[in-house]
Amino acid sequence: MSSGAEISTTLEGRSSATRDRAAVAGIREEDLMSLVDADIILSIVPPSQALAVADKVATAVRSSKSSTTFVDCNAVSPQTMEKVSEVFKDTAATVLDACIIGGPPQAGKPGPRFYISGDARETVAVLTEFGLDARLLERDVGAASALKMCYAGINKGLIGLGTAMLLAAARNGADKALMAELSESQRQLVEKLGHGIPDMYPKAYRWVAEMNEIGAFLGADEPAAEIFAGMAGVFQQVADDQAGNNGLTAVLSGMLAQRPEGSLNRYDALSNGNFDEGSRGLEPVPSARESHDEIELEAELEEGLEDSFPASDPVSATVTSIPGTTKR
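Residues numbered from 1 in each chain as written. Predicted model: local features only at pLDDT ≥ 70, side-chain atom pairs only at ≥ 80, totals over all residues. Heavy atoms only, no water.

Undergrad: Is there a simple way to explain the pattern of salt bridges in this structure?
TA: Any two side chains of opposite charge can pair if their charged atoms end up close together. Under the criterion given, the structure shown has nine salt bridges. Close ionic contact of D90 with R62 constitutes a salt bridge, the shortest N to O distance being 3.0 Å. You can see D90 sitting in the loop between α4 (78–87) and β5 (94–101) and its partner R62 sitting in helix α3 (residues 50–64), a full 28 residues away along the chain. On the basis of relative accessibility, which here comes to 52%, the residue D90 falls in the exposed class. According to the relative accessible area criterion, R62 is partly exposed, its value standing at 34%. A salt bridge links K203 to D199; its shortest N-O distance comes to 2.7 Å. (Salt bridge = Lys/Arg side-chain N within 4 Å of Asp/Glu carboxyl O. Helix = DSSP H or I, 4+ residues; strand = E, 2+ residues; numbered from the N terminus. Buried < 20%, exposed > 50% of the residue type's maximum accessible area, 1.4 Å probe, protein only.)

Shown next as structure tokens:
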């Protein structure tokens, strides 16, 4: 909008809070039939709703005979993207595949990246002109969705794995020792989990469907698909906890509050009798920092760098059901 684009959306069935946010952002409300006359429609919804929204828009496009460009920006598999394209097959609309990597835009900071595949050169140019960081993938529809599945599988999969193992440590009395060891040998990983896990709490319900999409993308014959079925279960557990008494999130937040300066080091953990089988019995183990072991310090740094990943999350679910359009 600050770059001159006119943004419209439909707010049918949405809450007053959503309407207020749209008004503050300067997004104009229109009915769906008016909306499909826009040059470009961006669909940004929870992945479980992507196909239903596409079907609703396609029905309106078919009635209006619009030649709009529909860009599915959702965290869905190439298989789901193929179904999205199918619902537009007898319309004049152009369907493009996109994925969003990066957090919601903030003033003075770089915005998220939109990777777009299909016959998208002109659309990428328009979106770039109006201030989005839009990047062309010179591949067919499905390539951008594949990129999202792979990136989210690494990034959010790591958050899910961290969540599962922190809770396992808490259940088995290894929480203090685990946080102490991670804070010493995997500081960058602890920083990522320290930000990423709490940030995930209100989004967990959306990540369930995304993990299922990643599993479908990998395919039933791929052993790793089972990993993401498990990750869907982890995020469902957190989502249920958010709707309940927040007991699990309290445990997670309590553990993460120990990072990294506030946590015990291995010396403290062993002195308190909280140690694992791999420790040197009850003998305190000084850290590399305490022993001034420069080689060990360098090794720890390299290990932390190799095992960490950049943080990312798609645009918040506070966007409207059928997100805005960019008009030239």
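What follows continues from the structure just given.
Undergrad: Could you clarify how one ought to interpret the packing of helix α6 (residues 143–171) against helix α7 (residues 175–185) in this entry?
TA: Relative orientation of the contacting elements α6 and α7 amounts to 135°, with a least axis distance of 7 Å. It follows from the interaxial angle that α6 and α7 lie oblique. Listed contacts from α7 to M165, L166, A169 and A170 of α6 are D175, L178, M179 and L182. By residue class, the composition of the contact of α6 with α7 is seven nonpolar, no polar and one charged. (Axes fitted to C-alpha atoms, helices over the stretch in contact; angles between N-to-C directions. Parallel < 35°, antiparallel > 145°, perpendicular 65-115°, else oblique. Contact = heavy atoms within 4.5 Å. Nonpolar A, V, L, I, M, F, W, Y, C, P; charged D, E, K, R; others polar.)

Undergrad: Sorry, what's going on with helix α9 (residues 204–218) here?
TA: Turn by turn, an α-helix covers 3.6 residues, leaving residues three or four places apart pointing in a common direction. Here α9 contains 15 residues, and its C-alpha end-to-end distance of 21 Å stays within 8% of the 21 Å for a straight helix at 1.5 Å per residue. Restricting attention to buried positions, one finds in α9 the residues A204, R206, W207, V208, A209, E210, M211, E213, I214 and G215. Two residues or fewer after α9 comes G219, characterised by a positive phi angle close to 100°. (Expected span 1.5 Å × (residues − 1).)

Undergrad: Would you explain the packing of aromatic side chains in this entry?
TA: For any two aromatic rings, the description comes down to two numbers: the centre-to-centre distance and the angle of the planes. This structure, assessed with the given rule, holds two aromatic pairs. Taking 4.7 Å as the distance between ring centres and 35° as the angle between the ring planes, the aromatic pair formed by F70 and F88 counts as tilted. You can see F70 sitting in strand β4 (residues 69–72) and its partner F88 sitting in the loop between α4 and β5, a full 18 residues away along the chain. Classification of F88 as buried rests on a relative accessible area of 2%. A centroid spacing of 5.2 Å and a plane angle of 85° characterise the contact between W207 and F235, whose relative ring orientation is edge-to-face. One end of the pair, W207, is in helix α9; the other, F235, is in helix α10 (residues 224–243), with 28 residues separating them in the sequence. (Phe/Tyr/Trp six-rings, centres within 6.5 Å; stacked < 30°, edge-to-face > 60°.)

Undergrad: Can you help me understand the side chain of K156 in this one?
TA: Its place among the elements puts K156 in helix α6. Look at K156 and you get buried, because its relative accessible area is 1%. At 2.9 Å, the side chain of K156 forms a polar contact with the side chain of E210. (Polar contact = N/O pair within 3.5 Å; in protein donor to acceptor, adjacent residues only side chain to side chain.)

Undergrad: Would you take a moment to explain unusual backbone geometry for this structure?
TA: Glycine aside, residues mostly have negative phi, and peptide bonds are mostly found in the trans state. The backbone of K65 shows a phi angle near 60°, a positive value even though the residue is not glycine. Inspection of the secondary structure puts K65 in the loop between α3 and β4. Here K65 falls in the exposed class, since its relative accessible area comes to 69%.

Undergrad: Just to check I follow, could you spell out the pairing of β4 for this structure?
TA: Along any regular strand the residues' side chains alternate between the sheet's two faces. Residues T69 and V71 line one face of β4 and the alternating positions F70 and D72 line the opposite face, and both faces are buried. Here strand β3 (residues 40–43) pairs with β4 via four bridges, running parallel. Bridge assignment links I41 to a residue of β4, and that residue is F70. You can see the chain leave β3, run along α3 and come back into β4, and the turn it takes is right-handed. Inspection of the sheet shows β4 paired to β5 by four bridges, in the parallel sense. Looking at β5, one finds that F70 is bridged to V95. What joins β4 to β5 is α4, and the crossover it makes is right-handed. (Pairing = 2+ DSSP bridges. Right-handed = clockwise from strand over helix to strand, strands pointing away.)

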